[in-house]
Amino acid sequence: MTTAENTPAEAPLAAPVNFIRARVAEDVATGKNAGRVMTRFPPEPNGYLHIGHAKSICLNFGLGREFGGATNLRFDDTNPAKEEVEYVESIMRDVKWLGFDWEDRLYYASDYFQRLYDYAEELIRMGKAYVDDQSAEEIRARRGTLKEPGLDSPFRARSVEENLDLFRRMRAGEFPDGARVLRAKIDMASPNVVMRDPALYRIKHVPHHRTGDAWCIYPMYDFAHCLSDSIEGVTHSICTLEFENNRPLYDWILDQLGVFHPQQIEFARLNLTYTVLSKRKLIQLVAEGVTTGWDDPRMPTLSGIRRRGYTPEALRDFCERIGVARADNMVEFALLEHCLREDLNSRAPRAMAVLKPLKVVIENYPEGQVDEFDFPWHPEKDMGSRKVPFSKVLYIEQDDFREEPPKGFHRLYPGNEVRLRYAYYITCTGVVKDEAGNVVELRCAYDPESKGGGSPDGRKVKGTLHWVSAAHALEAEVRVFDLLFTKPNPSAEEDFTSCINPDSLKVLRARLEPALADAAPGWHCQFERLGYFCADEKDSRPGALVFNRAATLKDTWGKIEKKQGGR
RNA sequence: UGGGGUGUGGCCAAGUGGUAAGGCGACGGGUUUUGGUCCCGUUAUUCGAGGGUUCGAAUCCUUCCACCCCAGCCA
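Residues numbered from 1 in each chain as written. Chains lettered and ligands numbered in written order. Predicted model: local features only at pLDDT ≥ 70, side-chain atom pairs only at ≥ 80, totals over all residues. Heavy atoms only, no water.

### A closer look at the confidence of the model for chain A
When pLDDT is low, close inspection of the predicted coordinates is not appropriate.
(1) Moving on: Within chain A, residue pLDDT values average 96, and 97% of them lie at 70 or more.
(2) Moving on: In this model, residues 6–13 is a region of pLDDT below 50 whose contacts with residues beyond four sequence positions or in other chains number 12 contacts.
(3) Moving on: For this predicted complex, the interface score ipTM comes out at 0.97, while the overall pTM is 0.96. (pLDDT = per-residue confidence, 0-100. Contact = heavy atoms within 4.5 Å.)

As structure tokens, this is what we get:
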């Protein structure tokens, strides 16, 4: 039971409609591309995948699967200065973990460098591209502004022969970085700035993680992406809204070259409350040591979320529920939590753990006696059972005792009777305090007749507490996480780091029931009444358990107490 | 009038001329050996605003307003 793999989730329901699905369905119905559907997920390997990428992955792979097509994984690796194999590997790991399979269709834009280069020469021969000797600053100065047209480059009218010669010499490494660039010859007066003779190739004497020193010129995104899509026969090239301005260029390049023309479709990227999802900001969190790395359980990266204890099923469900549209959005974190709870409620085994232990001595329980109970792993589903020992000295949660109970509190307080889950009823008969007045121990009396957690006389107790036998308890580290930011939209702040939550991590020494002794890293369970937890995939091992809290359970009492102005 | 987009309840989001789906959240209530789960109910006379067309408009026309994206040799 404590192995990492829990009961697999049931197959997800049919995906809801959205405008992209509708459009693809229409294309299939009208016989466009002979009814063929091919999508791709095209990450740049310059960072870890985050939950925003999950939306795109689910969309792209979902479309491929739904329409009997296929989805490629293609690394958009056209900027060697920023890309690394570590990222390539993490991306493949994360996509697989999310539950998608690119089978034998693993591609890299760098695989196409020669073909791309050939296309560039073709454009030059058609008089549609030219080599510009201006510096980056000069080009910028002549680009014009959003409201004013740009000026033609003094090198715009070069002959095809000269352009070809210069471009070949660029490729041969004759010029230093930044000396020249290949530009498309479109329209410097275009109201769309993207169309003002965009750069197609730049010189970068930087080794590439896959092609090594083979190239010193690299294609720009706009040139590489559309042609890579075309080469792969992608029918629907789905990307986020900010690329909408680039679509005319995407279309222009493909039209000039007369090659297969995929359809670019844009959708609104995901924004999540209390988190940041821009690569720049995530890199900053890692670089500045705000988190322990890309896979810190507080990070919205897929590796962080996985380590936190989220399941791929929950994430896929989340991606279905948020929908796909073109309006800017900000999805509440509560929806993500809901998806996890819903998934794990049905499949996670239950266990007892006390996070902040308070010692309880059952005064009328025989010294040295041990009851060994057999508790089900799940209250409704048949998941078998485990042995749980009960003895004279126990631990309960500090939060479950109040010397002076607030209104509506039906846990333990002096004179009150509660149920220890599945075990016995106990009544608090005394409180032991230290010199400072802190409650350090409770004296209680149990009712032997209530064994199993019910009583022959049928009397009701309102509270049921989780507990652990002190002598048999396992000690474990439990990491309790909270939101990384204190504001719903950190990106709206002048400096997003100004609202970092100083209490986003609390490390506790908890006591666990002994059945958890050999919980495997990655194992999920519910600690009864506390939340869903997962044995840390990196740091936990039998004998030195480390659990992460993925999400709390819904807490009605906490809400009531908060309203009462309680602590 | 630089160009391109978007505006439906607190948050997502269906709806594409026939009289506002669904989910999350919130709020009530029931069940309950997890104050969990589950169940039941409530939560937009109104679709950014105004004007118009129509028997009928969130859907069509029109004016206006708000917000987002674009001036990397990043993607």
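### What to know about unusual backbone geometry
(1) Moving on: Phi is positive for Asn 33, close to 55°, though the residue is something other than glycine.
(2) Moving on: Mapped onto the elements of the fold, Asn 33 is located in the loop between α1 (19–29) and β1 (38–41).
(3) Moving on: By relative accessible area, Asn 33 is classed as partly exposed at 21%.
(4) Moving on: Phi at Ala 34 takes a positive value of approximately 55°, unusual for a residue other than glycine.
(5) Moving on: On the secondary structure map, Ala 34 appears in the loop between α1 and β1. (Helix = DSSP H or I, 4+ residues; strand = E, 2+ residues; numbered from the N terminus. Buried < 20%, exposed > 50% of the residue type's maximum accessible area, 1.4 Å probe, protein only.)

### Things to note about the packing of aromatic side chains
(1) Moving on: Per the counting criterion, the structure on display carries 29 aromatic pairs.
(2) Moving on: Look at Tyr 48 and Tyr 87: their rings are 5.9 Å apart centre to centre, the planes differ by 85°, and that puts the pair in the edge-to-face class. Of the two residues, Tyr 48 sits in the loop between β1 and α2 (51–66) while Tyr 87 sits in helix α3 (residues 85–98), which places them 39 residues apart along the sequence. When sorted by exposure, Tyr 48 lands in the same class as Tyr 87, which is buried.
(3) Moving on: For the pair Tyr 221 and Phe 243, a centre-to-centre distance of 5.0 Å together with 35° between the ring planes defines the contact as tilted. (Phe/Tyr/Trp six-rings, centres within 6.5 Å; stacked < 30°, edge-to-face > 60°.)

### Some details on the nonpolar core
(1) Moving on: If you look at the biggest cluster of nonpolar residues, it comprises 39 residues, and the most contacted ones within it are Ile 51, Ile 57, Val 95, Leu 315, Phe 318 and Leu 336.
(2) Moving on: Once residues within four sequence positions are removed from consideration, Ile 57 is found in contact with Phe 41, Leu 49, Gly 62, Val 95, Leu 98, Phe 100 and Leu 302.
(3) Moving on: Grouped together as the second largest cluster of nonpolar side chains are 36 residues, Tyr 112, Leu 116, Ile 217 and Trp 252 included. (Core = buried A, V, L, I, M, F, W, Y, C linked by side-chain atoms within 4.5 Å.)

### Some thoughts on the protein's contact with RNA strand B
(1) Moving on: By nearness alone, 66 residues border RNA strand B, and Arg 350, Arg 411, Arg 421, Gly 452 and Thr 556 come closest of all.
(2) Moving on: Across the atoms of RNA strand B situated within 4 Å of the protein, the share located in sugar and phosphate is 64%.
(3) Moving on: In this structure, a sugar or linking oxygen belonging to RNA strand B sits 3.4 Å away from a side-chain N or O atom of Asp 76.
(4) Moving on: Taking Arg 419, its side chain carries an N or O atom lying 2.8 Å from a sugar or linking oxygen of RNA strand B.
(5) Moving on: Among the secondary structure elements, those contributing two or more residues to the surface near RNA strand B are α5 (136–142), β6 (199–203), α11 (312–322), α12 (333–347) and α13 (556–563).
(6) Moving on: Partitioning the surface near RNA strand B into residue classes produces 22 nonpolar, 20 polar and 24 charged. (Near = heavy atom within 4 Å. Polar contact = N/O pair within 3.5 Å; in protein donor to acceptor, adjacent residues only side chain to side chain. Nonpolar A, V, L, I, M, F, W, Y, C, P; charged D, E, K, R; others polar.)

### Here's the deal with the pattern of salt bridges
(1) Moving on: Under the criterion given, the structure shown has 52 salt bridges.
(2) Moving on: A salt bridge links Arg 74 to Asp 229; the nearest nitrogen and oxygen atoms lie 2.8 Å apart. With Arg 74 in strand β2 (residues 70–75) and Asp 229 in helix α7 (residues 221–232), this pair connects stretches of sequence that are 155 residues apart. Like Asp 229, Arg 74 is buried.
(3) Moving on: Here Glu 266 ties to Arg 326 by a salt bridge, and the two come within 3.3 Å at their closest N and O atoms. Pair noted here: Glu 266 is in strand β9 (residues 263–267) and Arg 326 is in the loop between α11 and α12, with a separation of 60 residues, a long-range link.
(4) Moving on: Using a relative accessible area of 1% as the deciding quantity, one classes Glu 266 as buried.
(5) Moving on: The network of salt bridges with common partners includes Asp 295, Arg 307, Glu 477, Arg 479, Asp 536, Lys 538 and Asp 539. (Salt bridge = Lys/Arg side-chain N within 4 Å of Asp/Glu carboxyl O.)

### Things to note about the packing of helix α4 (residues 113–125) against α7
(1) Moving on: Between α4 and α7, the least distance of the axes is 11 Å, while the angle of their chain directions is 110°. Classified by the interaxial angle, the pair formed by α4 and α7 is roughly perpendicular. With respect to the hand of their crossing, α4 and α7 are arranged in right-handed fashion. Contacts from Arg 115, Leu 116, Tyr 119, Ala 120 and Leu 123 in α4 reach Phe 223, Ala 224, Leu 227 and Ile 231 in α7.
(2) Moving on: Here the contact of α4 with α7 is composed, by residue class, of eight nonpolar, no polar and one charged. (Axes fitted to C-alpha atoms, helices over the stretch in contact; angles between N-to-C directions. Parallel < 35°, antiparallel > 145°, perpendicular 65-115°, else oblique. Left-handed = near helix turned anticlockwise from the far one by under 90°.)

### Here we look at the packing of α1 against α2
(1) Moving on: Contact pair α1 / α2: the axes reach a minimum separation of 11 Å and the direction vectors enclose 30°. Viewed along their axes, α1 and α2 adopt a mutual orientation that is roughly parallel. Here α1 runs over α2; the crossing is right-handed. Taken together, the residues of α2 that come into contact with α1 (itself represented by Ile 20, Arg 21 and Val 24) are Leu 59, Leu 63 and Glu 66.

### Thoughts on the sheet that holds strand β19 (residues 464–465)
(1) Moving on: The mixed open sheet is built from seven strands, whose spatial order is β19-β16-β17-β18-β12-β15-β20. Where the open sheet ends on each side, the last strands, each with one partner, are β19 and β20 (467–469).
(2) Moving on: As defined by bridge partners, strand β12 (residues 357–362) adjoins strand β18 (residues 439–447) across four bridges and the pair is classed as parallel. Looking at β18, one finds that Val 360 is bridged to Leu 442. (Pairing = 2+ DSSP bridges.)

### A short note on the side chain of Arg 196
(1) Moving on: By secondary structure assignment, the location of Arg 196 is in the loop between β5 (181–184) and β6.
(2) Moving on: Buried within the structure, Arg 196 lacks any salt-bridge partner; its nearest side chain of opposite charge belongs to Asp 187, at an N-O separation of 7.6 Å.
(3) Moving on: Here the side chain of Arg 196 touches Arg 143 through a polar contact of 3.0 Å, landing on its backbone oxygen.
(4) Moving on: Each residue touching Arg 196, except ones within four places of it in the same chain, is listed here: Arg 143, Gly 144, Thr 145, Glu 148, Pro 149, Gly 150, Arg 183, Asp 187, Met 188, Ala 189, Ser 190 and Pro 191. (Lys, Arg positive; Asp, Glu negative; His and termini not counted.)

### As for the sheet that holds strand β10 (residues 350–351)
(1) Moving on: With mixed pairing, seven strands are arranged side by side in an open sheet as β10-β23-β24-β25-β21-β22-β11. At either end of the open sheet lies a strand with only one pairing partner, and these are β10 and β11 (353–354).
(2) Moving on: Sheet topology places strand β21 (residues 474–481) next to strand β22 (residues 505–512); eight bridges connect them, and they run antiparallel. From the neighbouring strand, Phe 481 faces β22, where its bridge partner is Leu 505.
(3) Moving on: Relative to the sheet, α12 contacts β10, β23 (524–527), β24 (531–535) and β25 (546–552), its axis offset from that of β25 by approximately 115°.

### Quick notes on the environment of Gly 304
(1) Moving on: Mapped onto the elements of the fold, Gly 304 is located in helix α10 (residues 302–308).
(2) Moving on: For Gly 304, a relative accessible area of 0% corresponds to the buried category.
(3) Moving on: Measuring from C-alpha to C-alpha, the distance between Gly 304 and Leu 49 comes to 9.8 Å, with 255 residues separating the pair along the chain.
(4) Moving on: If near-sequence neighbours (up to four positions away) are discounted, Gly 304 is found in contact with Trp 294, Asp 295, Asp 296, Pro 297 and Met 299.

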